[in-house]
Amino acid sequence: MAPRRPEPRGEQHRVNDRIRSREVRLIGPSGDQLGIKAVPEALRMARGLDLDLVEVAPQAKPPVCRIMDYGKFKYEEDQKAKEARKKSTNVSVKEVKYRPKIGKGDFDTKTRNVIRFIDEGHKVKVTLQFRGREMAHPELGAKILDDVIEAVGPAAKLDSRSRLEGRAMSMVLSPDKQAQEAMKKAAIAAEKEAAAEAVSEGATAESEGD
């Protein structure tokens with residue numbers, strides 16, 4: 001007889017002796033359907049494989065249980081949750097500030113930063129700061145923001161439209177993941193096509209040389 005496995009603690013699922021139903025629909029460790037079994041029989045089957053009986057669908061009638069290594073399952077679930085939290089905390093809102101009378105060089109530098117932040121997966125708040133008499137010409141700020149949107153292209157989408165708050169006008173851009181993926185695929189396809197053309201031209205030159 002296989003030794004009794006220690007009861008996992010702190011689980012979100014009912015496991016082993018904590019399962020309260022009389023019978024369950026049982027799934028084997030490889031995902032095979034084993035039919036409806038009495039809980040004591042399902043427990044004997046799980047312990048015979050030195051595994052756990054885990055309730056995975058408690059609302060079903062009868063509840064669905066699966067034979068698995070619960071410790072390994074819980075570890076993998078925790079790792080997935082940890083990775084998801086890591087990704088969410090890495091995404092932040094970056095701010096890039098412009099002036100209504102910004103020069104082309106400064107505009108290009110700041111806009112490259114916007115594009116880099118978008119490519120890295122961050123949201124970007126683009127802010128126009130007005131000083132003194134510049135407040136009389138908010139259209140200059142709106143023109144700068146439109147130029148930023150045009151320069152960034154389809155890689156970003158506009159989350160909030162430009163609005164004037166005090167002496168600043170701002171908008172928020174966020175990555176458009178579908179558009180970015182499409183752009184990457186198009187770039188890869190263009191590289192492959194260019195490489196194929198280069199090979200073809202090389203072969204043609206060799207043929208003519210002969």
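Anyway, here's the lowdown on the structure attached to this text.

Procedures and definitions
- Along each chain, residue indices are assigned from 1 in the same order as the chain's sequence is written.
- Where local features are concerned, this predicted model is filtered to residues with pLDDT of at least 70; where side-chain atom pairs are given and counted, the filter is 80 or more; whole-chain, interface and lining totals use all residues.
- Hydrogens and waters are ignored; side-chain quantities use all the structure's heavy atoms.
- For the purposes of this entry, the term helix denotes a DSSP run of H or I that reaches at least four residues, the term strand denotes a run of E that reaches at least two, and both are numbered from the N terminus.
- Multiplying 1.5 Å by the helix residue count minus one yields the expected span of that helix.
- The classification of residues rests on relative accessible area computed with a 1.4 Å probe and restricted to protein chains. Under 20% of the type maximum is buried, over 50% is exposed, and intermediate values are partly exposed.
- In this context, the arc is that of the directions from the helix axis out to the C-beta atoms.
- In this description, contact between two residues means that some pair of their heavy atoms is separated by no more than 4.5 Å.
- Put simply, a salt bridge is a Lys or Arg side-chain nitrogen that is within 4 Å of an Asp or Glu carboxyl oxygen.
- Strands are labelled as partners when DSSP assigns at least two bridges between them.
- A fitted line through C-alpha atoms serves as each axis, taken over the contacting stretch for helices, and the angle formed by two N-to-C directions is quoted from 0 to 180°.
- If an angle is under 35 degrees, it is roughly parallel; if it is over 145, roughly antiparallel; if it lies from 65 to 115, roughly perpendicular; otherwise it is oblique.
- Should the near helix be turned anticlockwise from the far one by less than a right angle, the crossing is termed left-handed; should it be turned clockwise, right-handed.
- We call Asp, Glu, Lys and Arg charged. Ala, Val, Leu, Ile, Met, Phe, Trp, Tyr, Cys and Pro are nonpolar, and the rest, Gly among them, are polar.

1. Comments concerning helix H3 (residues 104–119)
- Taking 1.5 Å as the rise per residue, H3 with 16 residues should run 22 Å; its terminal C-alpha atoms sit 22 Å apart, in good agreement.
- Those residues of H3 lying buried are Phe-107, Thr-111, Val-114, Phe-117 and Ile-118. Axial view of H3: buried residues confined to an arc of 115 degrees, hence all on one face. Exposed and oriented more than 90 degrees from the buried face of H3 are Arg-112 and Asp-119.
- Trailing H3 by a residue or two, Gly-121 shows a phi angle of about 95 degrees, which is positive.

2. Describing helix H1 (residues 39–48)
- Along H1, the residues that are buried comprise Val-39, Ala-42, Leu-43, Ala-46 and Arg-47. Projection of H1 onto a plane perpendicular to its axis shows the buried side chains occupying an angular sector of 130 degrees, all on one side. Turned more than 90 degrees off the buried face of H1, the exposed positions are Arg-44 and Gly-48.
- On the buried face of H1, the contacting elements are strand S1 (23–27), strand S2 (33–38), strand S3 (52–57) and strand S4 (64–68).

3. Examining the pattern of salt bridges
- This model, assessed by the stated rule, comprises 10 salt bridges.
- Between Asp-78 and Lys-74 there is a salt bridge; the shortest N-O distance is 3.2 Å. Within this pair, Asp-78 and its partner Lys-74 are both found in helix H2 (residues 70–90), separated by four residues, close to a single helical turn.
- The closest approach of N and O atoms between Asp-108 and Lys-104, which form a salt bridge, is 2.8 Å. Here Asp-108 and its partner Lys-104 are both found in helix H3, four residues apart, which amounts to about one turn of the helix.
- The exposure class of Lys-104 is exposed, given its relative accessible area of 63%.

4. Section: the side chain of Glu-55
- When you line up the elements, Glu-55 lands in strand S3.
- By relative accessible area, which is 4% here, Glu-55 ends up buried.
- Setting aside its immediate chain neighbours within four residues, Glu-55 contacts His-13, Arg-14, Ile-19, Ser-21, Pro-63, Val-64 and Cys-65.

5. Re the sheet that holds strand S7 (residues 156–165)
- A sheet is described by the order of its strands in space; here four strands give the open sequence S5-S6-S8-S7, paired in mixed fashion. Of all strands in the sheet, those with a lone pairing partner are strand S5 (93–98) and S7, marking the two edges. Neighbour-to-neighbour, the strand axes of the sheet open up by a mean angle of 20 degrees, direction not taken into account.
- Strand direction decides the pairing type here: S7 and strand S8 (residues 168–175), joined by seven bridges, are antiparallel. In the strand pairing of S8, Ala-156 is matched with Pro-175.
- Its contacts with the sheet put H3 on S5, strand S6 (123–129), S7 and S8, and the angle it makes with S5 is roughly 170 degrees.
- Packing of helix H4 (residues 138–152) onto the sheet brings it into contact with S5, S6, S7 and S8, and relative to S8 it is tilted by some 15 degrees.

6. Considering unusual backbone geometry
- Between Lys-61 and the following residue, Pro-62, the backbone shows a cis peptide bond with an omega angle of -5 degrees.
- Residue position: Pro-62 is located in the loop between S3 and S4.
- The phi angle at Asp-50 is positive, at roughly 60 degrees, despite the residue not being glycine.
- Secondary-structure assignment places Asp-50 in the loop between H1 and S3.

7. Re the packing of H3 against H4
- Between H3 and H4, whose axes approach to 10 Å, the crossing angle comes to 55 degrees. When the axes of H3 and H4 are compared, the pair comes out oblique. Every pair of crossing elements has a handedness; the one defined by H3 and H4 is right-handed. Across from Phe-107, Thr-111, Val-114 and Ile-115 in H3, the residues of H4 making contact are Ile-144, Asp-147, Val-148, Ala-151 and Val-152.
- Tallied by class, residues from the contact of H3 with H4 come to seven nonpolar, one polar and one charged.

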